[in-house]
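Chain by chain, the residues run as shown.
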Amino acid sequence: MPRLHVVNDDSASQAVPRTAKDVLKALQAPSSCLKGLYVHVPFCIHRCHYCDFFTIAGREQDRSRYVDRLIAEAECVLPQLPIGMESIFIGGGTPTYLSPDDLHRLLSRLRTLLQETGQSIAEWTVEANPDTVSEEIADVLGQSGVNRVSLGAQSFQPQALTALERHHDPDHVGLAMDRLRQAGISDLSLDLIFAVPSGLDPRVAWRADLEMAISLKPTHMSCYGLTYEPGTPLTRRLETGRVTRVSQEMEAAQYEEALTLLAQEGYEHYEISNWARPGCRCRHNEIYWRNENWWPLGPSASGHVEGTRWRNVPRLGEYLDSEGLPPIDSIEQLDEEGRWGEVLMLGLRLLDGVPKQTVDAACATSGRGARRADVMRQAIEDELLEWRKDHLALTTRGLLLADGVIRELL
Ligand code: SF4
């Protein structure tokens, strides 16, 4: 799931939701609407050196108890959520690292709960590591109603996987896709990472990754530039000079290569880092980018309801020992300024852009509205943003400098 910046807000007034229970209460209003459910499974075989998500390597003995707790949380929450949910995303971590029995228990209980509560889910995604997709796991996914799998391929070059300390066999990506298709799941997404300091010729290696991924015929692809998150082993290697960052110029050239090649192959570029076959966009991630409402289950999972963002505790022991709704780590209620800033920041990630009506409203606020309008005018003049009919969107040049452009508009 996308990273969320969530902070403690001790200054909030009494009217502001302080707990997830308050948010749940607010959702009882007849007009309330919730589009998605995110479920976090933190277990991984091994911790990759670039990863800063809440993941746990080892502790296999806790996985069954974890599923029990997750089911208890779902049983507490799902009957209280408004009808109208469109997607579920089970991410992590590596959900497919659960045993087939535990994965089956989790998915079938969720499915039953959703049916009992009248939800009709169009898109059900599970994230997977290629090495964990055995025939048994693929069958569990296929038989449980999962209709989309997102596979972390990252690279097909062993040297790049070694640089990322990512432990999977590149040949297993295709094998996992075959097994998933045999199990009836045809909507398959591949994640790739560029700007990896692997010692290979970056342009040649990246082109080979793209060509290999395309040859496997995924319906969706996500291509991210490697980020050095604070505190990860990879960042420590960078700080101590044992790794050299790929230059910004090379990173931009690799991104442009993805733009060109994926367009040639008929993939629709619909978000800065995401491409899809027609009709195969990730609806769940669109919920994030469109600033819609979703509910989180599991430790460290973040939720959003009408400008309130919160995060469950990122601690396994505390989560396992809790009952009902899990304790939260932080909750924040954005003011009007903050909400418009987020609408622009997230919406401009989409190639469809932001509707003019929304842009006008974001520029009409009494605080930063006028400044936003100035920044936008300048960005249009600099050919970073453009009007496409009645939507404001990043230009191709703007895509390459998206972080800076969007930061200015906040
Ligand atoms: S498999 Fe994914 S979630 Fe697990 S450590 Fe690696 S990058 Fe992080």
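Computed from a predicted model, the values in this text were never measured in an experiment. (Residues numbered from 1 in each chain as written. Predicted model: local features only at pLDDT ≥ 70, side-chain atom pairs only at ≥ 80, totals over all residues.)

J.: Lay out helix α9 (residues 248-264) in plain terms, naming residues and giving numbers.
T.: For α9, built from 17 residues, the straight-helix expectation of 24 Å at 1.5 Å per residue is met to within 8% by its first-to-last C-alpha distance of 24 Å. Among all positions of α9, only Gln 254, Tyr 255 and Ala 258 are buried. For α9, the angular spread of buried residues about the axis comes to 100 degrees, placing them on one side. Along α9, the residues that are exposed and aim more than 90 degrees away from the buried face are Glu 249, Thr 260, Ala 263 and Gln 264. Residues of α9 that are buried make contact with β7 (187-194), α7 (202-215), β8 (220-225) and α15 (396-400). Just downstream of α9 lies Gly 266, where phi reads positive at about 90 degrees. (Helix = DSSP H or I, 4+ residues; strand = E, 2+ residues; numbered from the N terminus. Expected span 1.5 Å × (residues − 1). Buried ≥ 20, exposed ≤ 12 C-beta atoms within 10 Å, placed from the backbone. Arc of directions from axis to C-beta. Contact = placed C-beta atoms within 7 Å.)

J.: I'd love a proper account of the packing of helix α14 (residues 369-381) against helix α16 (residues 402-409), names of residues and values included.
T.: Viewed as axis vectors pointing N to C, α14 and α16 meet at an angle of 150 degrees, and their least axial separation amounts to 9 Å. It follows that α14 is roughly antiparallel to α16 by the angle criterion. Facing Arg 372, Val 375, Met 376 and Ala 379 of α14, the residues of α16 in contact are Val 405, Glu 408 and Leu 409. For the contact of α14 with α16, the class distribution of residues is five nonpolar, no polar and two charged. (Axes fitted to C-alpha atoms, helices over the stretch in contact; angles between N-to-C directions. Parallel < 35°, antiparallel > 145°, perpendicular 65-115°, else oblique. Nonpolar A, V, L, I, M, F, W, Y, C, P; charged D, E, K, R; others polar.)

J.: Tell me about the site of the ligand, and name the residues and values.
T.: Around the ligand sit Cys 44, Arg 47, Cys 48, Cys 51, Phe 53, Thr 55, Gly 92, Gly 93, Thr 94, Asn 129 and Gly 152, and those are all the residues in its vicinity. Its residues assigned to classes, the shell around the ligand shows four nonpolar, six polar and one charged. (Near = placed C-beta within 6 Å.)

J.: So what's going on with the nonpolar core? Residues and values would help.
T.: Counting 95 residues, the largest nonpolar core has Leu 141 and Leu 180 as the members making the most contacts within it. Counting only domains with at least three residues in this core, you end up with domain 1 (20-333) and domain 2 (336-409). The contacts of Leu 141, once residues within four sequence positions are left out, are Val 126, Val 146, Val 149, Leu 180, Ala 183 and Ile 185. (Core = buried A, V, L, I, M, F, W, Y, C linked by C-beta atoms within 7 Å. Domains from an automatic or database assignment.)

J.: Give a description of the pairing of strand β1 (residues 36-41) that names residues and reports values.
T.: Within β1, six of the six residues are buried, which leaves it mostly tucked inside the rest of the structure. Direction of pairing for β1 relative to strand β11 (residues 294-297): parallel, over a ladder of four bridges. Its bridge partner being in β11, Tyr 38 is matched across the sheet by Pro 296. As paired elements, β1 and strand β4 (residues 87-92) share six bridges and run parallel to each other. Its bridge partner being in β4, His 40 is matched across the sheet by Gly 91. (Pairing = 2+ DSSP bridges.)

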